[in-house]
Amino acid sequence: MLTVNNVSKNFGKDSVLEDIQLEFSNGVYGLLAPNGAGKTTLIKMLTTLLYPTKGEILFEGQNIFSMGENYRDLIGYLPQAFGYYKNYNPYQYLQYLAALKGISKQAANNKIPKLLKLVALEDAIKKKMRTFSGGMIQRVGIAQAMLNDPKILILDEPTAGLDPKERVRFRNLLSDLARDRIVILSTHIVSDVESIANQIIMIKDKQVLVKDSIQAICQKLNGKVFETEMEFGQVQPFREQYLSLSERQENGKMLIRYIAEECSSPNWNQVSPTLEDVFLFEYQDQVMEQLK
Amino acid sequence: MRIIIEEMKKIFHPVMMLIFVLINLLMYYIFIDFDVTVFPNGRPATDMYNIGIEMVEKYGYELDEDELKDFKKVFRQEINKADKYIQADQEFAKLGITNYREYQEMRNGDHENPAIERLSSRIMFEDGVDLFWEIPERENIIEEMEFVNERYGYSYTDGKLTDKQELRIQEIVQSGTVNAIFPAYPVQDNFQTISHSIAITILVSVIFMISPIFIRDYKNNMFGLQYSSKIGRSLFMKKVAAGMLSAFIITTFLIIVYYGMYSTNDIGMFLESEINSFMGSVYWYDFTFLQLILMTVLLTYVIMLSMSLLAIFVSSICKNYISIIGILLPLFAVVYWLIKTRALPVEAFFLTRTQWEIGIIYSIMIMIPTAAISWKVKRKQRIDITD
């Protein structure tokens, strides 16, 4: 079990995370928050790249920083916008990272073709990575994170650059992997975690807002999410009154999904809340800020 | 070791190797080629070199009194030959010159006489008569040996000697080391120039190859993956080790190549000669020419490895190649000046060079990069990896 115990992180005088308390056991955890909320900072602490200003992170009761290489040997990490050498091919690149992970050359030679097959790159094993698309690069990144068969797999925005087909493939892969390990998946894209995460962690105002199953999180908005159709001219005043979650044109009218405390009209249809609804509700200020 | 090898693969990347070869070809043709292909360089350098070989073959590595007598005998025979040459030449007769001494006196005394100048030019440069080149050199050698007590060492020090310098000269003269046969001109001079050029070429090569060691990872956004892998922050030391090992390999390779080329200058017969010779300079140490070369190689290694360590440190603190060049260029200029003026033998061990100054130069050269890297290693263990 991986435990984050009252962890705070400051950069100089700026506080980024405060009193984070989390526990991870086998399964997929979706770390969901808008950009700039501190997801990457938390992940970098879990990978020992950053030291907590306060608190401790424990694996099986031992401080991960004291465990040193014994802990890092257990983790697989895919950073956001991860690095690679453009002149290397996937084989050379994975051999280099295998060396850093303390994997013997022979073991890496056996493992690399299997991993590249897993991410559907077996035909590109000797191609220079500079010729790869964003999706192919991301798949090499996923392969490198799996090189040491990690007990804790930490992925920071892993689906960036993947096309819809690759996203589905990636989610299936993660679901398989999560059976006997901890998978922590940081993202601001709700659909990445909606179908696979056992638990969702949301960070807001530097603290953990919620850590629960998707079902439990969605309960929070039960009875508050509605859909209705209206003329285009009515949309703007409606938006000013209610939090609009999504809007689409249908039958010459606007179908709008929104949040309201209670049903105020017979034309309003109550619908089941989704994780995206909760996300938009919780981060409405940041979302509106980003939309501006 | 596997990580070090992987890091060295990046240093010796084929593209870098290609540029390395081009740099070395350029540096070789600009700085080294001349001193390898044109040795001895013209006259009287060739004559001094030939006389030096003749002396070593005939007398060994030292010239004792009997051998000096023999050398003088040869000198007189040469003058006789020159006399006969002059007597057989009509142009000398027209100017009223009947022997070598008269020719020498007229030449020394009457610089404005165009007829003498034309004649000298003809026999020296057009006909290239060896006798007229060799005799003045032989005469100089005899004078230097005969007046060794009065002259040895003083011409290099403008007569202003410290007690230590005075003692050193006396020590060399009294021990008899001064009798060594070693034609400093042109052998030592050629070695001095070529050792500078070789050191500077290696310095450029090593800095070029080693400097990208950290910046390459930074530019490629590799730090996150590297320092979160099992090796963690210890990777920094592994990279330093890979950089230093690479610098050692590059230095060794280039020393072998360039000193191999230098060996074609045929100086092998002087390797066992003492360098404190009446024919040359005064050094603080009793080295043979071979030992001087080995000391030069050793100090070349020290300079290259210290500069490599400094380049590694600079690479670890810089965010782009421009800032690396901005920091390393002035440092390179300083080391270039040190190599050219004082850091390498021959100059480092000259009597005119105070040895504490050389000690301080090398201490600074070793201590600053070592301290900088030690600081960086300790800091790397403590700081957040945010890049």
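Residues numbered from 1 in each chain as written. Chains lettered and ligands numbered in written order. Predicted model: local features only at pLDDT ≥ 70, side-chain atom pairs only at ≥ 80, totals over all residues. Heavy atoms only, no water.

(A) Just the overall build of chain A, in detail. Along the backbone of chain A there are 12 helices and 14 strands. On the principal axes, the C-alpha backbone points of chain A span a range of 70 × 45 × 35 Å. Expressed as a percentage of its 292 residues, the buried residues of chain A come to 52%. Taking contacts inside chain A between residues at least 6 apart in sequence as the whole, the part at least 24 apart equals 66%. In chain A, the 34 positive side-chain charges and the 34 negative ones have mean positions that sit 10 Å from each other. (Helix = DSSP H or I, 4+ residues; strand = E, 2+ residues; numbered from the N terminus. Buried < 20%, exposed > 50% of the residue type's maximum accessible area, 1.4 Å probe, protein only. Contact = heavy atoms within 4.5 Å. Lys, Arg positive; Asp, Glu negative; His and termini not counted. Charge placed at Lys NZ, Arg CZ, Asp CG, Glu CD.)

(B) Local environment of the packing of aromatic side chains. In total, this model carries 42 aromatic pairs over all chains according to the counting rule given. Their ring planes at 85° and their centres at 5.6 Å tell us that F191 of chain B and F289 of chain B sit as a pair that is edge-to-face. Taken together, the positions of F191 of chain B in helix 11 (residues 184–210) and F289 of chain B in helix 15 (residues 289–317) put the pair 98 residues apart, joining distant regions of the chain. Judged by relative accessible area, which is 0%, F191 of chain B ranks as buried. Put simply, the rings of F226, F238, Y242, Y258 and W268 of chain A touch in pairs and so form one group of aromatic residues. Residue placement shows K126 of chain A over the ring face of Y91 of chain A; its charged tip is 4.3 Å from the ring centre. Positioned above the aromatic ring of F214 of chain B is the side chain of K239 of chain B, whose terminal nitrogen or guanidinium carbon lies 5.5 Å from the ring centre. (Phe/Tyr/Trp six-rings, centres within 6.5 Å; stacked < 30°, edge-to-face > 60°. Lys NZ or Arg CZ within 6 Å of the ring centre and 35° of its normal.)

(C) Geometry of the domain arrangement of chain B. Residue and element names in this part refer to chain B. When cut into domains, chain B gives domain 1 (2–40 + 182–382) and domain 2 (45–161). One C-alpha centre belongs to domain 1, the other to domain 2, and the line joining them spans 42 Å. For domain 1, the biggest contributors to the area lost against domain 2 are P40, F278 and M279; these three give 35% of the whole. At the junction of domain 1 and domain 2, the tally comes to 0 salt bridges. In this assembly, domain 1 and domain 2 are joined by 3 residue pairs in polar contact (both at pLDDT 80 or more). (Domains from an automatic or database assignment. Buried area = accessible area lost by both parts, 1.4 Å probe. Salt bridge = Lys/Arg side-chain N within 4 Å of Asp/Glu carboxyl O. Polar contact = N/O pair within 3.5 Å; in protein donor to acceptor, adjacent residues only side chain to side chain.)

(D) Local environment of the UniProt feature "transmembrane region" (unreviewed entry) in chain B. Residues and elements named next belong to chain B. Residues annotated in UniProt with the feature "transmembrane region" (unreviewed entry) correspond here to residues 12–31, 194–215, 236–261, 289–314, 321–339 and 359–377. Taken end to end, residues 194–215 has its terminal C-alpha atoms 33 Å apart, with 95% of it in helix and 0% in strand. Within residues 236–261, the helical portion is 100% and the strand portion 0%, while the C-alpha atoms at the span's ends are 37 Å from each other. (UniProt positions renumbered as here; feature names shortened; annotations may be inferred.)

(E) The arrangement of the nonpolar core in detail. Residues L2 and Y93 of chain A together with M55, F132, F289 and I303 of chain B are the most contacted members of the largest nonpolar core, which totals 219 residues. Setting aside chain neighbours within four positions, we find M55 of chain B in contact with G60, L63, F71, I141, I181, F278 and M279 of chain B. M230, F238, M254 and I256 of chain A belong to the second largest nonpolar core, which has 10 residues in total. (Core = buried A, V, L, I, M, F, W, Y, C linked by side-chain atoms within 4.5 Å.)

(F) Expanded view of the packing of helix 6 (residues 100–109) of chain B against helix 7 (residues 114–126) of chain B. Residues and elements named next belong to chain B. Viewed as axis vectors pointing N to C, helix 6 and helix 7 meet at an angle of 120°, and their least axial separation amounts to 10 Å. Regarding the angle of helix 6 to helix 7, the classification is oblique. In the packing of helix 6 onto helix 7, the handedness of the crossing is left-handed. In contact with Y103, M106 and R107 of helix 6, helix 7 contributes I116, S120, I123 and M124. A breakdown of the residues in the contact of helix 6 with helix 7 according to their chemical character gives 5 nonpolar, 1 polar and 1 charged. (Axes fitted to C-alpha atoms, helices over the stretch in contact; angles between N-to-C directions. Parallel < 35°, antiparallel > 145°, perpendicular 65-115°, else oblique. Left-handed = near helix turned anticlockwise from the far one by under 90°. Nonpolar A, V, L, I, M, F, W, Y, C, P; charged D, E, K, R; others polar.)

(G) Structural view of the side chain of T288 of chain B. Within the secondary structure, T288 of chain B is located in the loop between helix 14 (235–262) and helix 15. Those residues in contact with T288 of chain B, other than ones at most four positions away along the chain, are L271, E272, S273, E274 and I275 of chain B.

(H) Here's a closer look at helix 4 (residues 90–100) of chain A. Within helix 4 of chain A, 10 of the 11 residues are buried, which leaves the element mostly enclosed by the surrounding structure. Among the residues making up helix 4 of chain A, those that are buried are P90, Y91, Y93, L94, Q95, Y96, L97, A98, A99 and L100 of chain A. Residues of helix 4 of chain A that are buried in the fold lie against helix 5 (105–118) and helix 6 (134–146) of chain A together with helix 1 (2–11), helix 13 (223–228) and helix 14 of chain B. Two or three places before Y91 of chain A, at the start of helix 4 of chain A, stands the capping residue N89 of chain A, its side-chain oxygen 3.0 Å from that residue's backbone nitrogen. Just downstream of helix 4 of chain A, G102 of chain A is the residue with a positive phi angle, here 75°.

(I) Region of interest: the interface of chain A and chain B. Tallying the contact residues gives 37 residues for chain A and 32 residues for chain B. Taken together, the two surfaces of chain A and chain B that pack against each other cover about 2,600 Å², and 53% of this comes from carbon and sulfur. By the criterion of area lost to chain B, the three top residues of chain A are L49, Y85 and L100 of chain A, representing 25% of everything that side buries. Counting across the interface, chain A meets chain B through 2 salt bridges. Two residues, K9 of chain A and D384 of chain B, come together in a salt bridge whose shortest N-O distance is 2.5 Å. The interface formed by chain A and chain B holds 22 residue pairs in polar contact (both at pLDDT 80 or more) in total. Elements represented by at least two residues in the side of chain A that touches chain B include exactly strand 1 (2–11), helix 3 (69–72), strand 6 (75–78), helix 4 and helix 5 of chain A. The biggest single contributor to the side of chain A that touches chain B is helix 4 of chain A, with 7 residues. Tallied by class, the residues present in the side of chain A that touches chain B amount to 20 nonpolar, 9 polar and 8 charged.

(J) Region of the structure containing the domain arrangement of chain A. Residue and element names in this part refer to chain A. The domains assigned to chain A are domain 1 (2–214) and domain 2 (219–291). Once you take the C-alpha centre of each, domain 1 and domain 2 turn out to be 34 Å apart. At the junction of domain 1 with domain 2, the criterion picks out 1 salt bridge. One can count 3 residue pairs in polar contact (both at pLDDT 80 or more) joining domain 1 with domain 2. A total of 4 residues in the side of domain 1 that touches domain 2 trace back to one element, the largest contributor, which is strand 9 (residues 199–204).

(K) The arrangement of a negative patch on the surface in detail. A grouping of E62, D64, E65 and D66 of chain B is seen on the molecular surface, where their side chains present a negatively charged patch. Checked against the element boundaries, E65 of chain B lands in helix 4 (residues 65–88). (Patch = residues over 30% accessible without salt bridge, like charges linked within 9 Å, V, L, I, M, F, W, Y side chains within 5 Å. Areas by Shrake-Rupley, 256 points an atom, 1.4 Å probe, with all protein chains shown as cover.)

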